[in-house]
Amino acid sequence: MLKMSTLFLRTLRDDPADAEVASHRLLVRAGYIRRIAAGIYSWLPLGVITLRNVENVIRQEMDKAGFQEVHFPALLPREAYEATNRWEEYGPSLFRLQDRKGADYLLGPTHEEMFTLMVKGEYSSYKDLPLSIYQIQTKYRDEARPRSGIIRGREFVMKDSYSFDIDEAGLEISYQKHRHAYVSCFNRLGMKYNIVKAVSGAMGGSKSEEFLAPCSTGEDTYVLCPKCGFAANVEAMVTKVSAGDASATPALEVLNTPNTPTIDSLVDFMNAQFGGEYTAADTLKNIMLMADGKPLAVLVPGDREVDLKRLQENLGGVHELRVFEEADFAQHPTLVKGYIGPQDAAKSGIKVLADPRVAPGTSWISGANKKDHHARYVVNGRDFTPDAYVEAAEVRAGDSCPECNTEIIIDRAIEIGHIFQLGRKYAEALSLTVLDHNGKSQVVTMGSYGIGVSRAVAAIAEQTSDEIGLNWPAEIAPAKVHIVATGKEDLPFDTALEIGQKLETAGISVMLDDRRDASAGVKFKDAELIGNPIIVVVGKALAEGKVEVRVRKSGDKSEVVVADAVSIIAKLLV
RNA sequence: CGGGGCGUAGCGUAGUGGCUAGCGCGCCUGCUUUGGGAGCAGGAGAUCGGGAGUUCGAAUCUCCCCGCCCCGACCA
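Because the structure is a prediction, the values reported are computed rather than measured.

K.L.:
Tell me about the pattern of salt bridges, and please be specific about residues and values.
P.N.:
The full count for this structure, using the stated rule, is 37 salt bridges. As a salt-bridge pair, Asp 15 and Arg 25 come within 3.4 Å of each other at their nearest N and O atoms. Of this pair, Asp 15 sits in the loop between strand 1 (2-3) and helix 1 (22-29) while Arg 25 sits in helix 1, placing them ten residues apart in sequence. You can call Asp 15 partly exposed: its relative accessible area is 41%. Residue Lys 64 pairs with Glu 61 through a salt bridge whose shortest N-O separation is 3.3 Å. In this pair, Lys 64 and Glu 61 both sit in helix 2 (residues 45-64), three residues apart, roughly one turn of the helix.

K.L.:
Pulling in residues and values, what's your account of the environment of Phe 274?
P.N.:
Positionally, Phe 274 belongs in helix 7 (residues 263-274). The exposure class of Phe 274 is partly exposed, given its relative accessible area of 32%. Sequence separation between Phe 274 and Asp 328 is 54 residues; the distance between their C-alpha atoms is 35 Å. Ignoring sequence-local partners within four residues, the contact set of Phe 274 consists of Leu 255 and Arg 376.

K.L.:
I'd like a rundown of the side chain of Arg 29, residues and numbers included.
P.N.:
Its location among the elements puts Arg 29 in helix 1. In this structure Arg 29 comes out as buried when scored by relative accessible area, which is 18%. Leaving out residues up to four positions away in the same chain, Arg 29 has contacts with Arg 10, Thr 11, Leu 12, Arg 13, Asp 14, Asp 15, Pro 16 and Leu 529.

K.L.:
Got a sec to walk through the sheet that holds strand 6 (residues 95-98)? Specific residues and values, please.
P.N.:
With respect to topology, three strands assemble into an open sheet ordered 5-7-6, the strand pairing being antiparallel. Only two strands of the sheet have a single neighbouring strand rather than two, namely strand 5 (75-77) and strand 6. Strand-to-strand twist across the sheet, computed as the mean angle between neighbouring axes with direction ignored, equals 35°. With four bridges connecting them, strand 6 and strand 7 (residues 104-107) associate as antiparallel partners. Within strand 7, the residue paired with Gln 98 across the bridge is Asp 104.

K.L.:
Please provide a residue-by-residue account of the pairing of strand 28 (residues 534-538), values included.
P.N.:
Look at any regular strand and the pattern is simple: side chains alternate between the two faces of the sheet. Burial runs high along strand 28: five of the five residues are buried. Across the two faces of strand 28 the burial is the same, with Ile 534, Val 536 and Val 538 and Ile 535 and Val 537 all buried. Two elements, strand 26 (residues 481-485) and strand 28, share five bridges in a ladder whose sense is parallel. Bridged to Val 481 within strand 28 is Ile 534.

K.L.:
Describe in detail the packing of helix 2 against helix 12 (residues 453-464), supporting the description with residues and values.
P.N.:
Two numbers describe how helix 2 lies on helix 12: the axes approach to 9 Å, and their chain directions differ by 110°. In terms of orientation, helix 2 and helix 12 fall into the roughly perpendicular class. The hand of the helix 2/helix 12 crossing is right-handed. In contact with Thr 50, Leu 51, Val 54, Glu 55 and Ile 58 of helix 2, helix 12 contributes Val 453, Ser 454, Ala 456, Val 457 and Ile 460. In terms of residue class, the contact of helix 2 with helix 12 is made up of seven nonpolar, two polar and one charged.

K.L.:
Account for the packing of helix 2 against helix 6 (residues 168-188), naming residues and giving values.
P.N.:
For the pair helix 2 and helix 6, the least separation of the axes is 9 Å and the interaxial angle reads 150°. Accordingly, the angle class assigned to the pair helix 2 and helix 6 is roughly antiparallel. Crossing handedness for the pair helix 2 and helix 6: right-handed. Of helix 6, the residues touching helix 2 (which contributes Val 57, Ile 58, Gln 60, Glu 61 and Met 62) are Ala 181, Tyr 182, Ser 184, Cys 185 and Arg 188. Considering only residue class, the contact of helix 2 with helix 6 consists of six nonpolar, two polar and two charged.

K.L.:
With reference to specific residues and values, describe the domain arrangement of chain A.
P.N.:
Accessible area lost during the coming together of the parts is what is often quoted as the interface size. According to the domain assignment, chain A contains domain 1 (19-74 + 108-236 + 410-462), domain 2 (253-389) and domain 3 (481-573). When each unit is reduced to the centre of its C-alpha atoms, the spacing between domain 1 and domain 3 is 38 Å.

K.L.:
Describe the environment of Leu 255, listing the residues and the values that go with them.
P.N.:
Position of Leu 255 among the secondary structure elements: in strand 14 (residues 253-256). For Leu 255, a relative accessible area of 8% puts it in the buried group. With residues near it in sequence (within four places) discarded, Leu 255 still touches Met 270, Phe 274, Asp 372, His 373, His 374, Ala 375 and Arg 376.

K.L.:
Tell me about the nonpolar core, and name the residues and values.
P.N.:
Tyr 32, Val 54, Phe 186, Ile 416 and Trp 472 are the most contacted members of the largest nonpolar core, which totals 57 residues. Of all the elements, helix 12 adds the most residues to this core, at seven residues. The residues that make up this core include at least three from each of domain 1 (19-74 + 108-236 + 410-462) and domain 3 (481-573). Contact partners of Ile 416, with chain neighbours within four places excluded, come to Phe 186, Met 191, Tyr 193, Phe 211, Ala 213, Gly 450, Ile 451, Gly 452, Ala 456 and Ala 459.

K.L.:
Let's hear about unusual backbone geometry: which residues, and what values?
P.N.:
Residue Pro 130 is bonded to the preceding Leu 129 through a cis peptide linkage, with omega at 5°. Summarising the element assignment, Pro 130 is placed in the loop between helix 5 (112-122) and strand 8 (131-140). If you check the backbone angles, Ser 148 has positive phi at about 55° while not being a glycine. Within the secondary structure layout, Ser 148 lies in the loop between strand 8 and strand 9 (155-165). The phi angle at Ser 431 is positive, at roughly 50°, despite the residue not being glycine.

K.L.:
Which residues make up the packing of aromatic side chains, and what values do they have?
P.N.:
To describe a pair of aromatic rings, you give the distance between the ring centres and the angle between the ring planes. This model, assessed by the stated rule, comprises ten aromatic pairs. Aromatic pair Tyr 32 and Trp 472: ring centres 5.8 Å apart, planes at 45°, arrangement tilted. In this pair, Tyr 32 is assigned in the loop between helix 1 and strand 2 (33-37) and Trp 472 in the loop between helix 12 and strand 26, connecting sequence segments 440 residues apart. The two residues Tyr 32 and Trp 472 agree in class, both being buried. The interplanar angle of 50° and the centroid separation of 5.7 Å between the aromatic rings of Phe 186 and Tyr 193 together place this pair among those described as tilted. You can call Tyr 193 buried: its relative accessible area is 18%. Taken together, the aromatic side chains of Tyr 182, Phe 186, Tyr 193 and Phe 211 make up a single cluster linked through ring pairs. In this arrangement the basic side chain of Arg 96 is found over the ring face of Trp 87, its NZ or CZ atom lying 5.1 Å from the centre. Its end group placed over the ring of Phe 493, Arg 516 keeps NZ or CZ at 4.0 Å from the ring centre.

Reading the values: rules and limits
Residues numbered from 1 in each chain as written. Chains lettered and ligands numbered in written order. Predicted model: local features only at pLDDT ≥ 70, side-chain atom pairs only at ≥ 80, totals over all residues. Heavy atoms only, no water. Salt bridge = Lys/Arg side-chain N within 4 Å of Asp/Glu carboxyl O. Helix = DSSP H or I, 4+ residues; strand = E, 2+ residues; numbered from the N terminus. Buried < 20%, exposed > 50% of the residue type's maximum accessible area, 1.4 Å probe, protein only. Contact = heavy atoms within 4.5 Å. Pairing = 2+ DSSP bridges. Axes fitted to C-alpha atoms, helices over the stretch in contact; angles between N-to-C directions. Parallel < 35°, antiparallel > 145°, perpendicular 65-115°, else oblique. Left-handed = near helix turned anticlockwise from the far one by under 90°. Nonpolar A, V, L, I, M, F, W, Y, C, P; charged D, E, K, R; others polar. Domains from an automatic or database assignment. Core = buried A, V, L, I, M, F, W, Y, C linked by side-chain atoms within 4.5 Å. Phe/Tyr/Trp six-rings, centres within 6.5 Å; stacked < 30°, edge-to-face > 60°. Lys NZ or Arg CZ within 6 Å of the ring centre and 35° of its normal.

Structure, rendered in structure tokens:
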């Protein structure tokens, strides 16, 4: 039983000045965490209990799925990360250090290498597979910008699992098992979440989904179809556009359009000239980019920006992507800034990619590759042909769902889990092979699966807290019942203790506010701030042999006779 | 890394060249109080983020450094 009279806890009456998001503010105020440095927090007793509760839910679900827990050090030697090139690739986000002999070490940002080597060290036959192992470990990433308290820290707790299979079919099964285990975890944790299609990005591999907890303070943006439930990371959003019919479109016409280097100025000019109803959406934006030092033209409708992050993810394998700078234009004198069109791309030898919205058969106003000139009736497939199509334009609310055509909405969320079909990248780099049934050596195929454990604490706080404090689901609250004893007589305190003991005997965890010197108001405020699901007040009603039972979430209150308290509380918690 | 803001006691803050750095919460002592962050009285607690400078005099002005928060870039 947690007794407030001795609990190592000091709640704060004021919001901390350096916290903005609810989870950060309340976890500090309620005495769960304290900041040590940017993105680095210590956990006080209430915080530790809550974190452990989340860990245990995850651990139980992992074990139930047949995954086995192992544990690695956070402090790791450089070699393994050298083999996969991540010592370099991870860049400044990797915490590196040296031992007394000058040997390089790192604080593990994620453990693919170590798990791969662990399996390599023990197993060498296909008969040993499939295998899934996991750990709950402190990870270190020197984030460029830690933020929102515990949501993005530089030190954080993560549950990471890895699956090992002989072939793709096995990987798919392991992946689905993890997916199911994750669903069970997050359901038990009482979280709202969406499973969202993602692009695998830097991790390599093919299939990948994210578990996103919707929340206004989240840093991830995703699209959601309100009708069919389709959900995707904006990077993974697919644009479905049918081909246009250009058979009746007049021949390409070059126009003198003085001083129209921007889309706005061009639209104004066209409308003034032709009295038409031209909009930015009728123009073709030809954006010049540098992809790892090579020029690249990307076509998007004039009313949309290029989403560089989305484009880069969909290009795959491009490390540095940026827009053309003056120096780049100087290198390519045939490109007339503000008046570029795809019509002459073949001559310049620059690769032209088009967003799917620039569909075959569609007609556009585009640059004429000549200062102060544009062209209209520029038809894709007739007047130019893109080398390839790639998702490049920004995604907007109201765009069409690729599954059912309904207008999608855009929402923010915290990423709480991510599951990947990694494939053979790490197994290959570290030579993790097993013999197949023919005695032939096969590279193992892997999956990697993460849950941000400490982040989940924050995400749950974000989703459940209200104006007056935290408000935990029963499974992870520091205690299921918070008993407040009021008054100055011994009776309420003795009764409160008795009820607490009976609850604990019944397997229900209890926090007891047995402080003699604190006023009732202080105790109520603290109980609400701390956020245990049931609050029992032992005080005034005792005159009639009753105690008050409050449900933190709903605010419902009822008075029950002391003898029935335990059974009634037990029912409320089911 | 770019932009913005901030740094005064455990927490929240006032103080823009001049007396002993002020207030609230919290903490300690005593008395009163005890169902919605109690009252009175007394008390402890601050190298004003650090350093250098300007000045008779610096929390306050100047320069350098450090740290923190927010937006963006980045981010398994």
